[in-house]
Amino acid sequence: MRIECAEPINASNFTGKQKGNTIVGYFIFCAHSTVWKVLFGKVADSLEKGTEHEDEYMISEKDLLVNKFISVPKDMGTFNCGAFVAGIVRGVLDGAGFPAVVTAHFVPMEGLQRPRTTILIKFAEEVLQREARLG
């Protein structure tokens, strides 16, 4: 399957600190919008850039489809089926030449019965070095 990301990235697309247009930012925005639309029929609920670590981004979804219809056995604790989606995001980024550690986490939200799922993306050092050279 071929997915094209036609929407340009700019500072208004992010919550948090973002310094102008970046290649990394473009691919994160692509995962948040275009890839998410292909997988779930809509853009993800939010996209944030880490404020403590420059190499981290978070894609959050209040009610991630893969968590909605799967019951996790009690002996698996807080296993998040969003790990499957994190693997897809990692594959998209890795295939584009942006290796990253991508994990899924539950984040409790006030006023919501179920916690939201946050896909945490932490880029490899080589990606940041390449971005700095090109930036």
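Above this text is the structure in question.
This report concerns the structure included in the present document. (Residues numbered from 1 in each chain as written. Predicted model: local features only at pLDDT ≥ 70, side-chain atom pairs only at ≥ 80, totals over all residues. Heavy atoms only, no water.)

Glancing now at the sheet that holds strand E4 (residues 116-123). Spatial ordering of the open sheet is given by E1-E2-E4-E3, a layout of four strands whose pairing is antiparallel. With one partner strand each, in any of the chains shown, strand E1 (46-49) and strand E3 (100-107) form the two edges of the open sheet. Averaged over neighbouring strand pairs, the angle between their axes works out to 20 degrees when direction is ignored. Each of E3 and E4 touches helix H3 (residues 82-95); the most contacted strand, E3, lies at about 155 degrees to it. (Pairing = 2+ DSSP bridges. Helix = DSSP H or I, 4+ residues; strand = E, 2+ residues; numbered from the N terminus. Axes fitted to C-alpha atoms, helices over the stretch in contact; angles between N-to-C directions. Contact = heavy atoms within 4.5 Å.)

Evaluated as defined, the whole model comprises three aromatic pairs. With a centroid separation of 5.2 Å and an interplanar angle of 50 degrees, the aromatic rings of Trp-36 and Phe-40 are classed as tilted. You can see Trp-36 and its partner Phe-40 sitting in helix H1 (residues 23-40), four residues apart, about one turn around the helix. Overall, the relative accessible area of 23% leaves Phe-40 in the partly exposed class. Ring geometry for Tyr-57 and Phe-123: centres 5.9 Å apart, planes at 85 degrees, overall edge-to-face. Note that Tyr-57 is positioned in strand E2 (residues 56-61) and Phe-123 in strand E4, a separation of 66 residues in sequence. Its relative accessible area of 3% is what places Tyr-57 among the buried residues. Among the residues examined, Phe-123 registers a relative accessible area of 4% and is labelled buried. (Phe/Tyr/Trp six-rings, centres within 6.5 Å; stacked < 30°, edge-to-face > 60°. Buried < 20%, exposed > 50% of the residue type's maximum accessible area, 1.4 Å probe, protein only.)

For side chains of opposite charge, pairing can occur when their charged atoms come near one another. Scanning the entire structure with this criterion turns up seven salt bridges. The salt bridge involving Lys-42 is made with Asp-45; its shortest N-O contact spans 3.0 Å. Lys-42 sits in the partly exposed class, given a relative accessible area of 34%. As a salt-bridge pair, Asp-63 and Arg-114 come within 4.0 Å of each other at their nearest N and O atoms. Of this pair, Asp-63 sits in the loop between E2 and helix H2 (65-68) while Arg-114 sits in the loop between E3 and E4, and the two are 51 residues apart along the sequence. Residue classification places Arg-114 among the partly exposed positions, given a relative accessible area of 40%. Each of the salt bridges in this network shares a partner with another, and the network as a whole consists of Lys-42, Asp-45 and Glu-61. (Salt bridge = Lys/Arg side-chain N within 4 Å of Asp/Glu carboxyl O.)

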